[in-house]
Amino acid sequence: VAQIVQAECDARGGCMFALYLGDNIYDSGVDSAMDAQFQSKFEVPYAALTFPFYITLGNHDYGGGGIGYEFFKGAYQVDYTMYSNKWVLPDRYYKQSVSAGSTTVDLFSLDTNSVMYTGASTQLSWIQSELAASTATWKLVFGHHTYVSNGQHGNAGEYEGIPGIPIVSGGNVENFIEAGVCGAADVYFCGHDHNRQWLQPTCGTEFVVSGTAAKSTGLQNRGTPTFFEDDQLGGFFLGEISGNTMTGWFYDEQGTLEYTRTVTN
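What counts, and where the lines are drawn
Residues numbered from 1 in each chain as written. Predicted model: local features only at pLDDT ≥ 70, side-chain atom pairs only at ≥ 80, totals over all residues. Heavy atoms only, no water. Pairing = 2+ DSSP bridges. Helix = DSSP H or I, 4+ residues; strand = E, 2+ residues; numbered from the N terminus. Axes fitted to C-alpha atoms, helices over the stretch in contact; angles between N-to-C directions. Contact = heavy atoms within 4.5 Å. Salt bridge = Lys/Arg side-chain N within 4 Å of Asp/Glu carboxyl O. Buried < 20%, exposed > 50% of the residue type's maximum accessible area, 1.4 Å probe, protein only.

Caption draft 1: Molecular detail of the sheet that holds strand 13 (residues 257-264). The strand order 11-12-13 describes an open sheet built from three strands, whose pairing is antiparallel. Sheet topology places strand 11 (235-242) and strand 13 at the edges, where each strand pairs with a single neighbour. Strand after strand, the sheet turns through a mean of 15° between neighbouring axes, direction not considered. Against the sheet, helix 1 (residues 2-11) makes contact with strand 11 and strand 12 (245-252), and its axis sits at roughly 25° relative to strand 11, the strand it touches most.

And the structure:
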């Protein structure tokens, strides 16, 4: 996947940044900011890519084999920002602004594992205030957990096909996205389900799942409307923003262009 990312970026004159959508260090995160897994699972595979990677934390980054209850582990990945030239995770959730010419983009990284467990009222107030105050051309939010998805985990509020138990079902994530992201952000990018999907917008925001940089899991036909979905190969999403237009492309790990869509805000 990294080789195809490099090839496509080079062909287009370079890329500005990557969004790294959680479960960064499988299977249970790291044990310190100097853990060798940062080299073997990030620096070495992406050595040829020199642009910044804006990071978000996933449930596997919080340990427990994905149960995500070892909350102290997230701090190690925050601390690793000091030791890497391209790993950018200044806090568990944060805002990053980028621009090219007159086009500005505000990026908002969420800590959805904390949302999953606690509802994260302070984080909700933060994203509501930040999105309301942003004057950027595009407002892109990225976190790990899905809001809508046809994958194994599926739709927030019904994760794994289990409704009604907020932590297990993702009810806290559902409430958070609806209160803080829907209609306020242009796009929400996430991983969690290890496939690629561009879902039909349901609340004034585009939803993109791109979780196959290193692992694939099957789609589950959960009935959520999509423009595109694929679970056959690894791959990635490439986006280009120009003024009020964003074009996105889904590629598989062999470099095949599978889908493209253009949206305006």
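We are not done yet, so read on.
Caption draft 2: Quick peek at unusual backbone geometry. Note the cis peptide between Tyr26 and Asp27, where omega equals 15°. Inspection of the secondary structure puts Asp27 in the loop between strand 1 (18-20) and helix 2 (37-43). The phi torsion at Ala120 lies on the positive side, around 55°, for a residue other than glycine. Tracing the backbone through its elements, the reader meets Ala120 in the loop between helix 4 (112-118) and helix 5 (121-133).

Caption draft 3: Seen up close, the pattern of salt bridges. One pass over the full model with this rule turns up six salt bridges. The partner of Asp31 in a salt bridge is Lys73, and the shortest N-O contact between them spans 3.3 Å. Taken together, the positions of Asp31 in the loop between strand 1 and helix 2 and Lys73 in helix 3 (residues 73-79) put the pair 42 residues apart, joining distant regions of the chain. For Lys73, a relative accessible area of 6% translates into the label buried. Note that Arg261 and Glu206 form a salt bridge whose closest N and O atoms lie 2.6 Å from each other. On the criterion of sequence distance, the pair formed by Arg261 in strand 13 and Glu206 in strand 9 (residues 206-210) is long-range, its members being 55 residues apart. Comparing Arg261 with Glu206 shows no difference in burial state: the two are buried. Within the structure, one salt-bridge network assembled from shared partners comprises Lys95, Asp106 and Glu130.

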